[in-house]
Amino acid sequence: MSVVSGKVSKTLDENIQILDDLYTDCHDVVSRKFPVGQERPVWVYLTYIDMMNDRFAIEITVVAPLLRFGARNSFKENYKDVFDLFKDSGIDTADFKELDDFDEIITMINAGESILFVEGYSKAIMIASRGFPNRGVNNAEAEVVVHGSREAFNEVIRFNTALIRRRIRDPNLKVKHSRVGRRSETDVALMYIKDLVRPEILNEVEKRLTNIDIDGILDSGYIEQFVEDSWLSPFPQVQMTERPDTAAAAILEGRVVIIVDNSPFSLIVPVTLNSFLQAAEDYYNRWHIVSIVRAIRYVAAFFAVALPGFYLSAAVYHPSMIPLLLTLKMSVSRQPVPFPAVLEFFLMDAAFELLREAGIRMPRAAGGALGVVGGLIIGQSAVQAGLVSPIVVIIVALAGVSNFAIPNVSLIAGFRIAKYLVLLLSAAFGLLGFWAGILILLIHMAGLKSFGIPYLFPYTSAELNDYSDTKDSFFRMPLFTLKKRPFYSNPNNLTRMK
Amino acid sequence: MLNNNMLSANERITLRQFQILFVLEAFGTGFVVMPRIAAEYAAQDGWLVALLFVLPGLLFAAMVAGTAALFGNEHFEAYTRRLLSAPVSAIVCFILWAKIIFCAGLELKLFGEIVRSLLLGHTPVIAIYIVVLGVAAFAAAKGIEARARLAEVLIVIIAIPMIILGVVALLNIDLTNLMPVFVTPPKNLARGVIRLGFIFTGLEFMWLAFPYLNKPQNGRRAAVQAMAFAGVLMILITVVTLAKLGFYNTRNTEWPVLKLIDMLNVPGALLARQGALILSFWMLSVFAFASASLFYGATLGKSKVKRGKHIWWVIACAIIVCIVAMIPFSRVQIYWMLDRIFLTFGLGFWVGLPIILIIVNKLRRSAK
């Protein structure tokens with residue numbers, strides 16, 4: 001958002017006046033006007049926002065060198081261009097830039113850079129000095145792995161790009177910056193490998209980012225919602241990750257990573273359902289166990305969506321499907337329950353969701369106590385009070401636990417919503433409703449795309465990449481067999497391994 | 001608006017997807033009565049009827065697909081109008097549309113009856129129609145690409161349990177039920193073959209699917225392969241049903257395939273009555289058939305009338321199918337009608353139309 005238009009004035013006081021007007025009541029803005037030189041001193045004006053930059057770096061790279069330089073020199077006629085002199089000999093840093101546009105200068109000040117105005121020149125020097133307070137590189141919490149890097153992104157965009165750059169030392173790895181948000185002017189970086197990314201996908205990502213017109217972007221979640229293909233879908237169409245190794249792996253697959261300042265989660269596009277069911281450590285372990293774990297995740301995904309619905313349809317409409325002994329036990333356990341089975345499910349599920357939500361918001365120390373209260377006391381009491389039957393507790397718990405076997409939080413949220421659709425249709429129409437619910441989900445996913453890539457790839461349309469992607473889907477074949485990059489990659493550069 | 005179809009070609013399907021769609025959508029509910037018809041005409045030689053049906057079936061598939069392939073990605077309505085004149089094209093398109101929609105209505109009615117008698121005895125049949133048509137319309141509205149991708153998933157979901165059950169069924173069949181062989185007079189075999197035709201209610205869909213193929217010039221081969229696969233499936237099911245139930249039981253059971261399914265029991269399985277589950281897998285193919293009927297009905301209607309959005313046509317077709325399904329026909333009447341429709345319009349679209357189009361196309365070309 002343009003707040004000041006026009007060019008920098010040659011008169012220093014005019015520039016100071018503009019900044020003073022603009023930053024009225026902004027007590028975090030630090031500014032100082034001081035003379036440089038003994039005879040015929042040149043006045044300069046330095047300004048920055050406190051704690052947005054590295055104050056110590058400014059002192060030693062700008063203020064001290066300028067004052068020393070001034071003490072040694074006096075600016076007589078023989079100095080034709082003081083501005084260039086300051087740039088070349090008065091500042092002890094390589095990272096600076098000339099600016100003459102006030103709008104850009106303001107943006108830089110707000111971003112944490114320092115600006116030096118010089119009397120008599122209609123331009124200023126931007127000295128790179130960003131240095132926000134940050135929490136450093138911490139352990140990943142949302143995507144925990146047993147085997148592999150512990151590092152996680154933090155809120156500083158440059159740290160995050162560096163964490164990826166450290167893993168891919170290829171000059172073709174590009175970091176393209178832009179700003180999104182009229183007021184927040186949030187830095188957004190696109191990271192990709194130039195010869196691996198599909199140009200049409202990159203163009204589309206850039207186009208969608210450019211189309212965002214909002215006053216503020218406070219987290220990558222905002223960007224996710226603006227660039228996704230279908231806002232109606234409960235399923236995520238952008239992959240969020242807090243792990244630099246996951247982001248680096250995605251870049252090596254020809255995907256685009258979007259890093260947003262102030263957010264510890266970066267975004268990966270395009271995605272498929274398959275990509276959400278893969279974890280970073282899938283590639284760090286041997287293929288046998290990974291393949292088994294992958295299969296378990298798929299089963300867990302099915303359980304999370306379908307188990308309550310399937311149980312309900314079998315128990316209510318088609319009890320003959322259940323072995324006789326089990327049917328009898330279930331009937332006995334259901335006898336004291338005064339509610340219809342579907343209501344039982346909703347009661348238990350509501351309790352489970354409440355506990356989950358409370359568990360997320362509660363202090364960690366209280367989490368264990370919550371687990372005991374929820375799992376043991378509420379579950380047990382509900383059964384003893386005859387509000388729900390034990391089998392429903394088991395089914396709801398199994399479906400809930402299955403959610404946690406899915407490695408992506410956004411996908412879990414999608415499955416949680418989908419579960420209710422299947423449950424309701426099963427409650428109304430038995431197996432017919434169960435399959436109708438599953439079909440609705442499958443139809444929806446079959447029609448879904450992420451930046452042009454079918455969501456169900458490579459379970460469908462796998463021939464587009466000669467079925468190569470199927471080797472890394474339901475099972476993960478040995479690494480040496482994954483010779484081709486996935487379908488998202490530039491078709492001219494599909495060979496990953498020879 | 002953001003471009004949503006950058007990579008996968010919009011409204012184009014691969015030959016493999018076309019084949020899967022054909023296998024999944026070609027059979028209506030007639031699939032479950034097929035062994036009964038075969039047994040009615042040829043007793044224990046019923047499998048021979050199925051086998052003999054496959055041979056002309058391949059020829060018909062080749063004729064339809066070969067003719068459609070001549071016109072590449074041109075739509076059915078466009079080339080019939082170009083070759084046969086606008087009024088004739090309008091009549092042909094209307095007949096095809098009416099056949100698709102009416103047959104879909106009859107098949108839906110049969111499906112409703114089956115579901116009510118085996119799974120949902122107390123559910124009003126209109127509710128079953130609404131569920132099936134709602135889901136089918138949702139799929140049809142998503143377009144051919146989504147339907148093709150869905151079919152790729154469904155074929156796996158349906159095939160895996162069917163193969164397991166098929167193996168179990170094969171282990172428990174009594175092949176003496178098929179003896180003695182070759183005792184049926186050729187006339188009966190021929191009549192049986194003709195009557196089996198209505199099973200493939202979806203063969204006409206080929207006319208309307210070709211414009212969406214990414215390589216229509218190779219479509220004929222793909223169609224013949226798909227038909228061969230469907231034919232083998234048909235023969236296998238007939239053999240297994242006859243061998244398991246015997247021709248007498250097969251002939252006197254209304255839905256012998258469903259009875260066969262209900263009799264299957266996989267040792268060690270967690271579920272007791274696995275037939276109900278398998279039946280539900282079969283339901284998926286009925287959903288697919290219904291969605292194909294709505295999709296092609298809507299496509300054809302829209303291309304002829306040239307007005308309205310695809311989704312509105314899908315909804316309109318779904319309403320008409322539902323109305324047809326609610327007409328109080330008996331099952332006997334329904335099978336009789338499906339037979340008659342096949343023998344008149346069905347054969348017309350399988351044999352008559354290809355011949356006419358090929359001749360007119362050649363004449364037009366030579367005239368040029």
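Sequence order sets the numbering: in each chain, residues are counted from 1 along the sequence as written. Each chain gets a letter, beginning with A, and each ligand a number, beginning with 1, in the order they are written. This being a predicted model, a pLDDT of at least 70 is required before a residue's local features are given, and a value of 80 or more before pairs of side-chain atoms are given or counted; all residues contribute to the totals for chains, interfaces and linings. Derived side-chain values reflect all non-hydrogen atoms in the structure, with water molecules and hydrogen atoms excluded from consideration.

1. Remarks on the overall build of chain B
Stage number 1. Scanning chain B from terminus to terminus reveals 14 helices and zero strands.
Stage number 2. Segments assigned H or I by DSSP are reported as helices when at least four residues long, segments assigned E as strands when at least two residues long, and all are numbered from the N terminus. In chain B, the order of α-helices and β-strands from amino to carboxyl end is α-α-α-α-α-α-α-α-α-α-α-α-α-α.
Stage number 3. Radius of gyration: C-alpha atoms only; globule rule: 2.2 Å multiplied by the number of residues to the exponent 0.38. Here the C-alpha radius of gyration of chain B, 20 Å, is about what a compact globule of 368 residues would show, namely 21 Å.
Stage number 4. A principal-axis box enclosing the C-alpha atoms of chain B has dimensions of 60 × 50 × 40 Å.
Stage number 5. With a 1.4 Å probe rolled over the protein chains alone, any residue whose accessible area is under 20% of its type maximum counts as buried; one over 50% counts as exposed, and the rest are partly exposed. Each of the 368 residues in chain B was classed as buried or not, and the buried ones make up 59%.
Stage number 6. To be clear on the numbers: accessible area is Shrake-Rupley with a 1.4 Å probe, and residue cover counts the displayed protein chains and nothing else. Here chain B displays about 14800 Å² of accessible surface, and carbon together with sulfur accounts for 69% of that area.
Stage number 7. The centroid of the 32 positive side-chain charges in chain B is displaced by 8 Å from the centroid of its 15 negative side-chain charges. For the purpose of counting charges, residues Lys and Arg are taken to be positive, whereas Asp and Glu are taken to be negative. His and the chain ends are not included. Where a charge lies is defined by one atom per residue type, namely NZ (Lys), CZ (Arg), CG (Asp) and CD (Glu).

2. A short note on the pairing of strand 2 (residues 42-49) of chain A
Residues and elements named next belong to chain A.
Stage number 1. Counted residue by residue, strand 2 has seven buried out of eight residues, so it is predominantly covered.
Stage number 2. Strand pairing follows a simple DSSP-based rule, namely that at least 2 bridges must link the two strands. Note that strand 1 (residues 29-36) and strand 2 share eight bridges and pair antiparallel. Each bridged residue has a counterpart across the sheet, and for Lys-33 the counterpart in strand 2 is Tyr-45.
Stage number 3. Bridge analysis of strand 2 against strand 4 (residues 114-118) gives four bridges, and the strand direction is antiparallel. Within strand 4, the position partnered with Val-44 by the bridge is Val-118.

3. Quick word on the nonpolar core
Stage number 1. Counting residues in each nonpolar core, the largest one holds 183 residues, and the members touching the most others are Leu-432 of chain A together with Phe-76, Phe-200, Trp-207, Trp-282 and Leu-294 of chain B.
Stage number 2. The criterion is simple. A nonpolar core is a set of buried Ala, Val, Leu, Ile, Met, Phe, Trp, Tyr and Cys residues joined through side-chain atoms within 4.5 Å. Grouped together as the second largest cluster of nonpolar side chains are 26 residues, Val-197, Met-240, Val-256 and Val-269 of chain A included.

4. Some words on the sheet that holds strand 8 (residues 239-241) of chain A
Residue and element names in this part refer to chain A.
Stage number 1. Sheet architecture is open: five strands sit in the order 6-7-9-10-8, paired in antiparallel fashion. The outermost strands of the open sheet, each flanked by one partner alone, are strand 6 (173-180) and strand 8. Between one strand axis and the next, the sheet turns through 25 degrees on average, direction left out of account. Lines are fitted to the C-alpha atoms to define the axes, a helix being fitted only along its stretch in contact, and any angle between axes, read from their N-to-C directions, falls within 0 to 180 degrees.

5. What about the interface of chain B and chain A?
Stage number 1. Every residue pair with non-hydrogen atoms within 4.5 Å of one another is taken to be in contact. Contacts between the two partners involve 41 residues from chain B and, on the opposite side, 39 residues from chain A.
Stage number 2. At the boundary of chain B with chain A, total buried surface from both sides reaches about 3700 Å², with 73% on carbon and sulfur atoms.
Stage number 3. Salt bridge, as applied in this entry: a Lys or Arg side-chain nitrogen positioned within 4 Å of an Asp or Glu carboxyl oxygen. Put simply, Glu-145 of chain B and Lys-449 of chain A hold a salt bridge, and the shortest N to O gap is 3.5 Å.
Stage number 4. Any pair of nitrogen or oxygen atoms within 3.5 Å is treated as a polar contact; in protein, a donor-acceptor pairing is required on top of that, and neighbouring residues in sequence qualify only through side-chain atoms on both sides. Summed over the shared surface of chain B and chain A, the number is four residue pairs in polar contact (both at pLDDT 80 or more).
Stage number 5. Elements with a minimum of two residues in the side of chain B that touches chain A: helix 1 (15-26), helix 6 (125-142), helix 7 (144-171) and helix 12 (274-305) of chain B.
Stage number 6. Asp, Glu, Lys and Arg are counted as charged, while Ala, Val, Leu, Ile, Met, Phe, Trp, Tyr, Cys and Pro are counted as nonpolar; the rest, among them Gly, fall into the polar class. A per-class count over the side of chain B that touches chain A returns 27 nonpolar, eight polar and six charged. In short, buried area is how much 1.4 Å probe accessible area vanishes from two parts on joining, totalled over both.

6. Topic: the sheet that holds strand 5 (residues 124-127) of chain A
Residue and element names in this part refer to chain A.
Stage number 1. Reading across from one edge, 1-2-4-5-3 is the order of the five strands in this open sheet, with antiparallel pairing throughout. If you trace the sheet from one side to the other, it starts and ends with strand 1 and strand 3 (96-99), each paired once. Strand after strand, the sheet turns through a mean of 20 degrees between neighbouring axes, direction not considered.
Stage number 2. Sheet strands touched by helix 4 (residues 102-111): strand 2, strand 3, strand 4 and strand 5. Its angle to strand 4, the strand with the most contacts, is close to 140 degrees.

7. Things to note about the packing of aromatic side chains
Stage number 1. Here a pair means two rings of Phe, Tyr or Trp (six-membered ring of Trp) with centres within 6.5 Å. Their orientation is stacked below 30 degrees between planes, edge-to-face above 60, and tilted elsewhere. For the coordinates displayed, the defined rule picks out 26 aromatic pairs over all chains.
Stage number 2. An aromatic cluster is present here, built from Phe-205, Tyr-212, Phe-289, Phe-295 and Tyr-296 of chain B joined pairwise through their rings.
Stage number 3. Distance and angle both matter: a charge sits over a ring if NZ of Lys or CZ of Arg is within 6 Å of the ring centre and within 35 degrees of the ring normal. A cation over a ring is seen here: Lys-33 of chain A above Trp-43 of chain A, with NZ or CZ 5.3 Å from the ring centre.
Stage number 4. Looking at Arg-198 of chain A, its charged tip hangs above the ring of Phe-487 of chain A, at a distance of 4.7 Å from the centre.

8. Some remarks on the confidence of the model for chain B
Detailed reading of the predicted coordinates is not advisable wherever pLDDT is low.
All names here are of chain B.
Stage number 1. The pLDDT averaged across chain B works out to 88; a share of 96% of its residues lies at or above 70.
Stage number 2. Looking at any residue, its pLDDT shows the predictor's confidence there, from 0 to 100. Segment residues 1-6 is flagged for pLDDT under 50; beyond a separation of four residues in sequence, or across chains, it makes 17 contacts in the model.
Stage number 3. This prediction of the complex comes with two scores: 0.88 for pTM and 0.92 for ipTM.

9. Focus on the state of the cysteines
Residues and elements named next belong to chain B.
Stage number 1. Pairs of cysteine sulfur atoms within 2.5 Å are identified as disulfides in what follows. Within this structure, the stated rule accounts for zero disulfides over all chains.
Stage number 2. Cys-103 carries a free sulfur, and the closest cysteine sulfur to it, the one in Cys-317, is 14 Å from it.
Stage number 3. Take Cys-317: it sits in no disulfide, and the sulfur closest to it among the cysteines is that of Cys-322, at 13 Å.

10. Points about the packing of helix 12 (residues 341-361) of chain A against helix 14 (residues 390-404) of chain A
Packed helix pairs are specified by the crossing angle of their axes together with the interaxial distance, meaning the distance between the axes.
Residues and elements named next belong to chain A.
Stage number 1. Packing of helix 12 against helix 14 brings their axes to within 10 Å, and their N-to-C directions diverge by 40 degrees. Compared by their axis directions, helix 12 and helix 14 come out oblique. The way helix 12 lies across helix 14 gives a crossing that is right-handed. Between helix 12 and helix 14, the residues in contact are Glu-344, Phe-345, Met-348, Asp-349, Phe-352 and Arg-356 and Val-392, Val-393, Ile-395, Val-396, Gly-400, Val-401, Asn-403 and Phe-404, respectively.
Stage number 2. Its residues assigned to classes, the contact of helix 12 with helix 14 comprises nine nonpolar, two polar and three charged. The scheme is simple: roughly parallel for angles under 35 degrees, roughly antiparallel for over 145, roughly perpendicular for 65 to 115, oblique for anything else. Left-handed describes a crossing in which the near helix is turned anticlockwise from the far one by less than a right angle; the clockwise case is right-handed.

11. Focus on a nonpolar patch on the surface
Stage number 1. Each patch is built from residues that are more than 30% exposed by relative accessible area and take part in no salt bridge. Like charges join if they lie within 9 Å; nonpolar side chains (Val, Leu, Ile, Met, Phe, Trp, Tyr) join within 5 Å. On the surface, Ile-311, Trp-312, Ile-315, Ile-319 and Ile-323 of chain B cluster together into a nonpolar patch covering about 500 Å² of accessible area.
Stage number 2. Secondary-structure assignment places Trp-312 of chain B in helix 13 (residues 310-326).

12. Things to note about the packing of helix 5 (residues 86-118) of chain B against helix 14 (residues 331-367) of chain B
All names here are of chain B.
Stage number 1. Direction vectors running N to C along helix 5 and helix 14 enclose 150 degrees, while the axes themselves pass 10 Å from each other. With respect to each other, helix 5 and helix 14 are oriented roughly antiparallel. The way helix 5 lies across helix 14 gives a crossing that is left-handed. Contact residues: Val-92, Ile-95, Leu-96, Lys-99, Phe-102, Cys-103, Leu-106, Glu-107, Lys-109, Leu-110 and Glu-113 in helix 5; Arg-331, Ile-334, Tyr-335, Met-337, Leu-338, Ile-341, Phe-345, Gly-346, Phe-349 and Leu-353 in helix 14.
Stage number 2. Residue composition of the contact of helix 5 with helix 14, grouped by class: 15 nonpolar, one polar and five charged.

13. Quick look at the environment of Ala-136 of chain B
Stage number 1. Along the polypeptide, Ala-136 of chain B turns up in helix 6.
Stage number 2. Those residues within four positions of Ala-136 of chain B in sequence are excluded, and the remaining contacts are Phe-287, Ala-290, Ser-291 and Leu-294 of chain B.

14. Considering the pattern of salt bridges
Note on pairing: side chains with opposite charge can pair once their charged atoms come close.
All names here are of chain A.
Stage number 1. For the structure on display, the rule yields 45 salt bridges over all chains.
Stage number 2. Measuring nitrogen to oxygen at the nearest pair gives 2.8 Å for the salt bridge that ties Glu-155 to Arg-135. Here Glu-155 is found in the loop between strand 5 and helix 5 (157-165), whereas its partner Arg-135 is found in the loop between strand 5 and helix 5, with 20 residues between them in sequence.
Stage number 3. Between Arg-334 and Glu-344 there is a salt bridge, with the nearest N and O atoms lying 2.7 Å from each other. With a gap of ten residues between them, Arg-334 in helix 11 (residues 324-334) and Glu-344 in helix 12 connect regions that are remote in the sequence.
Stage number 4. On the accessibility criterion, Glu-344 (0% relative accessible area) is buried.

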